[in-house]
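# Fold and geometry: a report
What follows is the residue order along each chain.
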Amino acid sequence: MSKIYIKDLKNYVGQEVTLSGWLYNKRSSGKLRFLILRDGSGYLQCVVFKNNVSEEVFELSDKLSQESSFTVTGTVKDEQRGSGGVELDVKSIELISAAHDYPITPKEHGIEFLLDRRHLWLRSSRQVAIMKVRHRIIKAVRDFFDDRDFTLMDAPILTPSACEGTSTLFETEYFDLGKAYLTQSGQLYAEAGALALGKVYTFGPTFRAEKSKTRRHLTEFWMVEPEVAFNNLDDDMDLAEEFLEYIVQTVLKDCKEELKTLERDITKLETVKRPLPRISYDEAVEILRKNGIDFEWGNDLGGTDETIISNQFDRPVMVHRYPSEVKAFYMKRDPENPKVALAVDVLAPEGYGEIIGGSQREDNLDLLLERIEKHNLRQEDFDWYLDLRRFGSVPHAGFGLGIERTVGWICGLEHVRETIPFPRMIYRNTP
Ligand code: 4AD
Ligand code: MG
């Protein structure tokens, strides 16, 4: 017999069912015990009435402690006030395993206390909601590209060189071959893929030995990176805005309950529709200066700068053509103004900062060689990558979207540490 889950109980009104799960909460009133069962799919109020059950079952329902696992049998009843519109009239209960002194009680706990117990904290309703939204976002990401004839191409995690600057590399010994590095980005491999398959995306964990302790930085995070042959910067921005609209509108449609649990103000998400505003870095600098920031042209935008800029808009804003000096070696310089790179960062609203970084790639062999030298990178490390410019080079562009920052923004969270099951940060690598 197939198992029955709480989320499907609307289809079983009037019927007797058996479910298994954990005790989330309970209260009592006279001869009644109200047990809140959670099974991962939802929450169910199980009503135990003393006159309807055996003495043992009533005693058990009295003793059942938070997070104890049990199986319950009863009749499903319509109950508009219950979550999911139903409740269970209990006939019997069977204990699976008692939990003693579960450390995470309904009272408030400090963040370090919770992070130390992340393996248990994940059971709380807020964390469950976040994980469901994360899952829906990841599925939307894959659906979006799969439906548009992109091929998923996995990039290696152990790599021989840096992609996003040498200051954030995690290194490890690699047998007799010297050092290997945990990948910062699958992009260089995605470029090889784009020249083989036209439209590809990589999707996997990426690593940055970030010394920054901010609410936006993890040392291990997931990134999706599309790369398209024959796309220029404008095409890249078209793809990015269509992609963001799709993700946000899909979550709004499919995660209503979760967003409610998270008390997310969804009016702030409903506006995420094309076209997204596009401003140049120069225009961004203007905005900063108008807001009293003494900003020097040529600097990278900091977190506070990004917040000021994004606060001007009710949806994500695309900032393009950054000074090439502050951007990665592979970005193509604007032929009309070589001081700037054909780069784009997408800044999320409400101060969530950069969620997408992308660019048109330098497709000219000599210019790319020049950039590699300028960035003090070793040419031999990139010899395979340079082959992509030696053999049928074409214009191409792509971007990377950080999953955790996207989850944080859509869920309206304070910090990215809650957006991933087991966060890795500069001061934390457990549990
Ligand atoms: O802007 P980044 O560094 O771009 C790249 O890695 C390019 N190779 C992408 C490409 O063009 N294919 O990173 C892209 C995104 C950022 O916008 C941000 O969302 C996320 O990855 N990100 C981080 N998320 C959490 N913690 C960190 N330390 C992050 N660093 C980047
Ligand atoms: Mg970036």
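All values reported here derive from a predicted model rather than from experimental measurement.

### Here we look at the packing of helix 11 (residues 365-374) against helix 12 (residues 383-390)
One way to put it is that helix 11 packs onto helix 12 with a least axis distance of 9 Å and a crossing angle of 155°. With respect to helix 12, the element helix 11 is oriented roughly antiparallel. The segment helix 11 lies against helix 12, with Leu365, Leu368, Leu369 and Ile372 engaging Tyr385, Leu386, Arg389 and Arg390.

### Thoughts on the domain arrangement of the protein chain
As far as domains go, the protein chain holds domain 1 (6-97) and domain 2 (118-419). In this structure, domain 1 and domain 2 have C-alpha centres spaced 45 Å apart. Taken residue by residue, the interface counts seven residues in domain 1 and five residues in domain 2. Carbon and sulfur atoms supply 37% of the area that domain 1 and domain 2 bury against each other, a total of about 440 Å² over both sides.

### Focus on the pairing of strand 11 (residues 220-229)
Counting buried positions along strand 11 gives eight out of ten residues, so the element sits mostly inside the fold. Bridging between strand 10 (residues 199-207) and strand 11 involves nine bridges; their strand directions are antiparallel. Across the sheet, the residue bridging to Val200 is Glu227, located in strand 11. Both strand 11 and strand 18 (residues 396-402) contribute to a ladder of five bridges, which runs antiparallel. The partner of Met223 across the bridge, within strand 18, is Gly402.

### Overview of the sheet that holds strand 11
The eight strands lie next to each other as 6-10-11-18-17-16-13-12, forming an open sheet whose pairing is mixed. The sheet is open, and its two borders are formed by strand 6 (151-152) and strand 12 (278-280), each paired with just one other strand. Summarising the sheet, strand 6 and strand 10 pair through two bridges and their orientation is parallel. Bridge pairing in strand 10 places Thr151 opposite Val200. Here helix 10 (residues 303-310) sits on the sheet and contacts strand 12, strand 13 (317-320), strand 16 (343-348) and strand 17 (353-360); the angle it forms with strand 16, its principal contact strand, is near 75°.

### Side note on the packing of aromatic side chains
Counted under the stated rule, the structure contains 18 aromatic pairs. Look at Phe203 and Trp222: their rings are 6.1 Å apart centre to centre, the planes differ by 85°, and that puts the pair in the edge-to-face class. With Phe203 in strand 10 and Trp222 in strand 11, the pair connects residues that are 19 residues apart, well separated along the chain. Owing to a relative accessible area of 14%, Phe203 belongs among the buried residues under this scheme. On the basis of relative accessibility, which here comes to 30%, the residue Trp222 falls in the partly exposed class. Joined through ring pairs, the aromatic side chains of Phe144, Phe145, Phe150, Tyr201, Phe243, Tyr246 and Phe399 make up one cluster. A cation over a ring is seen here: Arg117 above Phe113, with NZ or CZ 3.8 Å from the ring centre.

Analysis parameters
Residues numbered from 1 in each chain as written. Chains lettered and ligands numbered in written order. Predicted model: local features only at pLDDT ≥ 70, side-chain atom pairs only at ≥ 80, totals over all residues. Heavy atoms only, no water. Axes fitted to C-alpha atoms, helices over the stretch in contact; angles between N-to-C directions. Helix = DSSP H or I, 4+ residues; strand = E, 2+ residues; numbered from the N terminus. Parallel < 35°, antiparallel > 145°, perpendicular 65-115°, else oblique. Contact = heavy atoms within 4.5 Å. Domains from an automatic or database assignment. Buried area = accessible area lost by both parts, 1.4 Å probe. Buried < 20%, exposed > 50% of the residue type's maximum accessible area, 1.4 Å probe, protein only. Pairing = 2+ DSSP bridges. Phe/Tyr/Trp six-rings, centres within 6.5 Å; stacked < 30°, edge-to-face > 60°. Lys NZ or Arg CZ within 6 Å of the ring centre and 35° of its normal.

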